[in-house]
Amino acid sequence: MISFECDYNNGACQQVIDNLVKYNSAKPTPYGFDEFSERAKERIREACGLPDAQIFFLTGGTQTNATTIDSMLYQYEGVICVGTGHINVHEAGAVEFTEHKIITLPDTAGKMEAKVLDKYLDDYMHDGNKDHAVHPGLVYITFPTEFGTLYSAKELDNIYQTCQRYEIPLYIDGARLGYGLMAEGSDVTLPYLARHCDVFYIGGTKIGALCGEAVVFTHQNAHKHFFSIQKQHGAVIAKGALIGLQFEALFTDNLYFKLSEHAIKMAMRMKDIFIRKGYEFYVDSPTNQQFVLLDNEQAEKLAREVEFSHFGQTDRHHTICRFVTSWATTEEELDELERIIQTHSS
């Protein structure tokens, strides 16, 4: 059976594996205070165009979101995101477990709109009873979104300007950041994104690493005790060089972007396979996640030969099916998918 279920069910790319071998004989300083992690941070700073950025390595996305968000909020504050945002739907309430309410706004194709955010914040600020409510202390978006859609440079700028106007920081979840940056038609670069938020993270788990995420505070704005907050959240590993080594490899010779570009190429071929066979899509995604509309019988039959995930139903008879490519997807796997779809279409 071939798998297009997710982009984190492979191990790691060979360059990362080769770099990890260094760990066995290096005896690095623990907790991430090692030469490999420092080199990785310098390469990330260079790629972002942020020589003074503060960078911290964590192991996974949910852990990263919960830890970073908790570090940026007072106990009476909540975080704003769209209803389909990852922290609201696919993290089992991890942020709210830290006792910070998630304040949801409606989305447009998975995206937050600056005008909707502005209206919410303006209404809040002019509410005479606002001191009885949860104070909005942070805005959270993902790039790309849960549905593989992208913010344009202008949309991102509008959101960031809105946040600055209300003096609220903007946090960007970049679990699939590379896939968004390298998508066809994207006009957002890594340096541009870094200049238009207060903190973001670069996802490694889904893009070539065994595990690991790099949190980037863009202008010396990390909590002065962020390491201790990490520790409190169980988000510091003793063998911290394991993550530093991986990001050192990913940010050597543009590897992170090359891996991402490959996944996009594979996704566009997969998209074309479905289009040529007459299938419709729930949303038009230019990234590595493709959301195909199948009737329930089609979905059941296809699931016998292909692994994919169900993303809900549009009605009682149709299922939103997510097919995902990754840095490790091969042409041969797509050949097999095309053969299977052809068989089911005959």
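Just above sits the structure.
Nothing here was measured: the structure is a model prediction, and the numbers come from that model. For every chain, the first residue of its written sequence is number 1, and the numbers climb from 1 along that sequence. Only residues with pLDDT of at least 70 get local features here, since the model is predicted, and only at 80 or more are side-chain atom pairs given and counted; chain-wide, interface and lining totals rely on the full set of residues. Side-chain measures were taken over the full set of non-hydrogen atoms in the model, leaving aside hydrogen atoms and water.

### Quick look at the sheet that holds strand S13 (residues 318-324)
The strands making up a sheet are joined through hydrogen bonds of the backbone, oriented either antiparallel or parallel. The sheet built from 4 strands is open, its strands ordered S9-S10-S13-S12 with antiparallel pairing. Strands with a single pairing partner mark the edges of an open sheet, and in this sheet they are strand S9 (280-281) and strand S12 (309-315). DSSP-based pairing: two strands are paired if at least 2 bridges between them are found. Counting from the N terminus, the helices are DSSP H or I runs at least four residues long and the strands are E runs at least two residues long. The pairing of strand S10 (residues 289-295) with S13 spans 7 bridges and is antiparallel. Paired with valine 292 across the strands is cysteine 321, a residue of S13.

### Some thoughts on unusual backbone geometry
In this model, phenylalanine 143 is joined to proline 144 through a cis peptide bond whose omega is -5 degrees. Topologically, proline 144 is positioned in the loop between strand S5 (135-142) and helix H8 (153-165). Non-glycine residue asparagine 254 carries a positive phi angle of around 60 degrees. Inspection of the secondary structure puts asparagine 254 in the loop between helix H12 (241-250) and helix H13 (255-276).

### Details of the side chain of threonine 64
Following the sequence through the fold, threonine 64 ends up in helix H4 (residues 61-72). Three exposure classes are used, based on accessible area relative to the maximum for each residue type with a 1.4 Å probe and protein chains only: buried under 20%, partly exposed in between, and exposed over 50%. On the basis of relative accessibility, which here comes to 0%, the residue threonine 64 falls in the buried class. Note on contacts: a residue pair is in contact if any heavy atoms of the two residues lie within 4.5 Å. Among all residues touching threonine 64, those that are not within four sequence positions of it are Leu58, Tyr171, Tyr201, Glu213 and Val215.

### Quick look at the packing of helix H7 (residues 114-125) against H8
Angles here are taken between N-to-C directions and fall from 0 to 180 degrees, while the axes themselves are lines fitted to C-alpha atoms, restricted in helices to the stretch in contact. It is the contact of H7 with H8, at a shortest axis distance of 9 Å, that shows an interaxial angle of 15 degrees. By the angle between their axes, H7 is roughly parallel relative to H8. The two elements H7 and H8 meet at a crossing, and its hand is right-handed. Contacts between H7 and H8 pair Ala114, Leu117, Asp118 and Leu121 from the former with Asn158, Ile159, Thr162, Cys163 and Arg165 from the latter. Amino acid classes used here: Ala, Val, Leu, Ile, Met, Phe, Trp, Tyr, Cys and Pro are nonpolar; Asp, Glu, Lys and Arg are charged; the rest, including Gly, are polar. Of the residues assigned to the contact of H7 with H8, the class counts are 5 nonpolar, 2 polar and 2 charged. With respect to orientation, any angle under 35 degrees is reported as roughly parallel, any angle over 145 as roughly antiparallel, any angle of 65 to 115 as roughly perpendicular, and every other angle as oblique. Two helices that cross are described as forming a left-handed crossing if the nearer one is turned anticlockwise from the farther one by less than a right angle, and a right-handed crossing if clockwise.

### Observations regarding the packing of aromatic side chains
The criterion for an aromatic pair is that two Phe, Tyr or Trp rings (for Trp, the six-membered ring) have centres within 6.5 Å, with stacked assigned to planes under 30 degrees apart, edge-to-face to planes over 60 apart and tilted to the rest. Summed over all chains, the structure comprises 19 aromatic pairs. Ring centres of tyrosine 256 and phenylalanine 257 lie 5.6 Å apart, and the angle between their planes is 90 degrees; on these two criteria the pair is classed as edge-to-face. This pair shows no difference in class: tyrosine 256 is buried, exactly as phenylalanine 257 is. Here the aromatic cluster, defined as three or more aromatic residues joined through ring pairs, consists of Phe57, Phe247, Phe251, Tyr256 and Phe257.

### Let's talk about the pattern of salt bridges
In the sections that follow, a salt bridge refers to a side-chain nitrogen of Lys or Arg positioned within 4 Å of a carboxyl oxygen of Asp or Glu. Per the stated rule, a full pass over the model turns up 17 salt bridges. The shortest N-O distance in the salt bridge between aspartate 118 and arginine 165 comes to 3.0 Å. Taken together, the positions of aspartate 118 in helix H7 and arginine 165 in helix H8 put the pair 47 residues apart, joining distant regions of the chain. A salt bridge links aspartate 335 to arginine 269, with the shortest nitrogen-to-oxygen separation between them at 2.5 Å. Placement of aspartate 335 in helix H15 (residues 331-345) and of arginine 269 in helix H13 is noted, with a sequence separation of 66 residues between them.

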